[in-house]
Amino acid sequence: MKIKDHFLSQEIFEIQETETQGVFKTSPIPSNISKYYESEDYISHHQDSGSLKEKLYKFLQSFNLKYKKNILIDRIKKNSRVLDYGCGAGEFVKFIENDFETFGFEPDPDAKKAASSKASKANIIDNIDLIENGSLDAITLWHVFEHIENQDEMLEIFSSKLKDKGLLIIAVPNPTSYDAKHYQEYWAAYDVPRHIFHFSKTGMENLISKKPNWKIRKIKPLVLDSYYISMLSEKYKKSPLFWLKAVIHGTISNVKALFSNEFSSLIYIIEKK
């Protein structure tokens with residue numbers, strides 16, 4: 001499948017299935033991929049602008065932050081040690097820092113600076129080696145894992161940093177959701193080439209099943225993602241009344257997923273054996 005980088009470069013990339021069934025990879029991966037993140041609109045690094053779009057995003061984000069925090073609260077004790085890997089501008093670490101001993105990993109200097117300014121208690125780092133082996137109760141990756149090319153290596157590193165029975169929580173877009181199938185090459189969550197990998201639910205299950213030290217314990221939806229992704233997809237299509245069509249197709253996607261479990265984005269709660 002050929003996909004255009006609608007967000008920034010307008011270049012064409014191809015998505016091909018890997019040797020793991022249900023896991024797909026963007027090709028080619030640019031050697032200078034950092035330049036594909038260089039936009040003020042890139043959501044992980046954005047700053048508050050005060051615009052209506054920004055206020056709406058922040059309103060919806062508040063629900064997602066509570067939902068994500070509750071996933072941790074339901075599974076680990078208060079004051080447990082949590083690393084948010086790829087914490088971006090620091091919204092999640094700021095939100096949980098009063099409940100857990102919180103670390104945020106962010107390699108981008110501007111995003112790291114923003115996260116450090118927001119979070120008063122969390123320790124924001126740019127080198128995961130600063131985390132002691134066997135010291136973490138949970139590691140979260142909220143729409144980060146799909147950006148990582150050396151995933152096998154990173155899964156080993158995450159395992160080394162977690163305690164026994166520690167949790168690895170990975171949220172990624174789902175290319176077998178209704179909205180992905182509806183928008184096809186315009187589906188915003190392909191986000192090539194920034195999204196290097198693309199995981200169907202079967203693909204993530206196949207990937208983790210190959211790792212002897214991991215086991216998927218639960219899969220949960222990110223329900224609001226279908227609306228945001230649909231809105232971006234409609235804008236890429238230059239649709240009139242894009243917001244209305246996004247509400248319609250985002251709702252259809254979630255209703256269909258109630259029966260298929262193929263939500264627009266899925267959270268995998270994975271335990272270290």
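Scroll up to find the structure.
1. Some points on the nonpolar core
Then, in step 1: Residues Y85, I139, L141, F145, F158, L168 and M204 are the most contacted members of the largest nonpolar core, which totals 33 residues.
Then, in step 2: Going through the elements one at a time, β4 (81–85), β5 (101–105), β7 (136–142), α4 (151–161), β8 (162–173), β9 (197–199), α6 (201–209) and β11 (265–272) are the ones with two or more residues in this core.
Then, in step 3: Residue contributions to this core peak at four residues, all from β8.
Then, in step 4: One finds V82, F100, A171 and I269 within the second-largest nonpolar core, a separate group that totals 16 residues.

2. Re the packing of aromatic side chains
Then, in step 1: Counted according to the given criterion, the structure contains seven aromatic pairs.
Then, in step 2: Relative to W142, the ring of F92 lies with its centre 5.5 Å away and its plane at 70°, an arrangement referred to as edge-to-face. Here F92, found in helix α2 (residues 91–96), pairs with W142, found in strand β7; they are 50 residues apart in sequence, far enough to count as distant. For the residue pair F92 and W142, the accessibility class agrees, reading buried in each case.
Then, in step 3: On the numbers, 4.9 Å between centres and 85° between planes, the contact of W187 with Y190 is edge-to-face.

3. So, the pattern of salt bridges
Then, in step 1: Taken as a whole, this structure holds 13 salt bridges when the rule is applied.
Then, in step 2: In this structure, the salt-bridge partner of K211 is D152, at a minimum N-O distance of 2.6 Å. On the criterion of sequence distance, the pair formed by K211 in the loop between α6 and β10 (214–221) and D152 in helix α4 is long-range, its members being 59 residues apart.
Then, in step 3: D152 sits in the partly exposed class, given a relative accessible area of 46%.
Then, in step 4: Because the salt bridges share partners, they merge into one network encompassing D5, D191 and R194.

4. Quick notes on the sheet that holds β10
Then, in step 1: Reading across the sheet, the seven strands line up as β6-β5-β4-β7-β8-β11-β10 and stay open at both edges, with mixed pairing between neighbours. Looking at the sheet topology across the chains shown, the edges are occupied by β6 (123–125) and β10. Between one strand axis and the next, the sheet turns by 20° as a mean value, whatever way the strands run.
Then, in step 2: Bridge count between β4 and β5: five bridges; the pairing is parallel. Looking across to β5, one finds that R81 is bridged to E101.
Then, in step 3: Contacts between α6 and the sheet are confined to β8, β10 and β11, with β10 contributing the most and set at about 160° to the helix.

5. Concerning the side chain of R194
Then, in step 1: Within the fold, R194 resides in the loop between α5 (178–183) and β9.
Then, in step 2: Among the polar contacts made by the side chain of R194, one reaches the main-chain carbonyl oxygen of Y36 at a distance of 2.9 Å.

6. Side note on the sheet that holds strand β1 (residues 2–4)
Then, in step 1: Taken together, four strands build an open sheet; the order of strands is β1-β2-β3-β9 and the sheet is antiparallel. This sheet does not close on itself; its edge strands, each paired only once, are β1 and β9. Adjacent strand axes in the sheet meet at a mean angle of 30°, parallel and antiparallel pairs treated alike.
Then, in step 2: Taken together, the three bridges between strand β3 (residues 23–27) and β9 define a ladder with antiparallel strand orientation. Across the sheet, the residue bridging to V23 is F199, located in β9.

Quick notes on the rules
- Residues numbered from 1 in each chain as written.
- Predicted model: local features only at pLDDT ≥ 70, side-chain atom pairs only at ≥ 80, totals over all residues.
- Heavy atoms only, no water.
- Core = buried A, V, L, I, M, F, W, Y, C linked by side-chain atoms within 4.5 Å.
- Buried < 20%, exposed > 50% of the residue type's maximum accessible area, 1.4 Å probe, protein only.
- Helix = DSSP H or I, 4+ residues; strand = E, 2+ residues; numbered from the N terminus.
- Phe/Tyr/Trp six-rings, centres within 6.5 Å; stacked < 30°, edge-to-face > 60°.
- Salt bridge = Lys/Arg side-chain N within 4 Å of Asp/Glu carboxyl O.
- Pairing = 2+ DSSP bridges.
- Axes fitted to C-alpha atoms, helices over the stretch in contact; angles between N-to-C directions.
- Contact = heavy atoms within 4.5 Å.
- Polar contact = N/O pair within 3.5 Å; in protein donor to acceptor, adjacent residues only side chain to side chain.

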